[in-house]
Amino acid sequence: MKRSAGTAQSNPLRQLSRVITGMATSDGAGVKLRRMIGSAELPMLDPFLLLDCFSSDDPDDYIAGFPTHPHRGFETVTYMLDGNMRHTDSRGNEGLIAPGGVQWMTAGRGILHSEMPEQQAGKLKGLQLWVNLPKSAKMIEPSYQELSAEQVPLDIDNNGTRVRIIAGTYTETGTTGPVCNSYTFPTYIEVILPAAASFKQVLEEQHNAFVYVLEGALQIAGRSIAVDELGVLTGGSQVQIQATEDSRFVLVAGQPLNEPIARHGPFVMNTQTELKTAFSDYYAGKF
């Protein structure tokens, strides 16, 4: 798939086209979370299929975790902010995602895995993003990009701004994140921004993008967005974000696939026939 060229020279500024408040729900074995993408309010933002934020210091909200379940046809991205999550899968892989750690799992043709809290008390907070795969890659072999906090580059500006680059390149310093992805060419950056400070980032003009506010409040092109809100950005080659108070947020962007989607639960394919095959393969023990 050819990467869009962008038009950084003109630098049209992105604005907020929508602000999403999300939907409180639960998933797995009852983990309480807020669904920002993947609900009726915002069913998807191509290539992003789902964004969940789980956050609680009450073990009853998360202790049951996400027992063994299947995936096919897309990628899951788990980013831990507080607490620890233990991952195991049907191929014998196992690992711990600790604060600041990332697991970028390409489910491909299919895998069974579980994500269980590695703690009995304390705060557990993290994000899970689902990123679609193109038709040409939906049946590839599963793979992982697992990164500890120490493996994710951190740039610290003189004004106290802290930028962690998971995927893509931070415009100010040229630092590139370790995640490689030639399907949707994603940008995934976490920013801690002091009050009154500003952040700028060049993006591919045709990439869909959003900002999710973890703490504080921001302004983008004169429009406000606050904690636990997701802002869908308009097209353009640059976004400028100002903190109206001490803030923390993620900026995520990716190339849309513009392909038909047939999805149900943990399977995302292109046709209903492929979706039925996914269920048949799962029940036949082929994952």
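Everything here concerns the structure above.
No experiment lies behind these values; they were computed from the predicted model shown. (Residues numbered from 1 in each chain as written. Predicted model: local features only at pLDDT ≥ 70, side-chain atom pairs only at ≥ 80, totals over all residues. Heavy atoms only, no water.)

A. Expanded view of the sheet that holds strand 12 (residues 143–147). With respect to topology, 7 strands assemble into an open sheet ordered 2-3-4-11-6-9-12, the strand pairing being antiparallel. The outermost strands of the open sheet, each flanked by one partner alone, are strand 2 (23–27) and strand 12. Shown here is a sheet whose adjacent strand axes are inclined to one another by a mean of 20°, direction ignored. Where strand 3 (residues 31–37) meets strand 4 (residues 48–56), 3 bridges bridge the pair, whose relative direction is antiparallel. Following the sheet pairing, Arg 35 is matched in strand 4 by Asp 52. (Pairing = 2+ DSSP bridges. Helix = DSSP H or I, 4+ residues; strand = E, 2+ residues; numbered from the N terminus. Axes fitted to C-alpha atoms, helices over the stretch in contact; angles between N-to-C directions.)

B. View of the environment of Tyr 188. Along the polypeptide, Tyr 188 turns up in strand 15 (residues 187–193). Owing to a relative accessible area of 2%, Tyr 188 belongs among the buried residues under this scheme. (Buried < 20%, exposed > 50% of the residue type's maximum accessible area, 1.4 Å probe, protein only.)

C. View of the environment of Arg 18. Structurally, the position occupied by Arg 18 is in strand 1 (residues 16–20). On the basis of relative accessibility, which here comes to 36%, the residue Arg 18 falls in the partly exposed class. In this structure, the C-alpha to C-alpha distance between Arg 18 and Glu 41, residues 23 residues apart in sequence, is 10 Å. For Arg 18, the contacting residues outside a window of four places in its chain are Glu 41, Leu 42, Arg 223, Leu 230, Gly 231 and Val 232. Of the polar contacts made by the side chain of Arg 18, one reaches the backbone oxygen of Glu 41; its length is 2.6 Å. (Contact = heavy atoms within 4.5 Å. Polar contact = N/O pair within 3.5 Å; in protein donor to acceptor, adjacent residues only side chain to side chain.)

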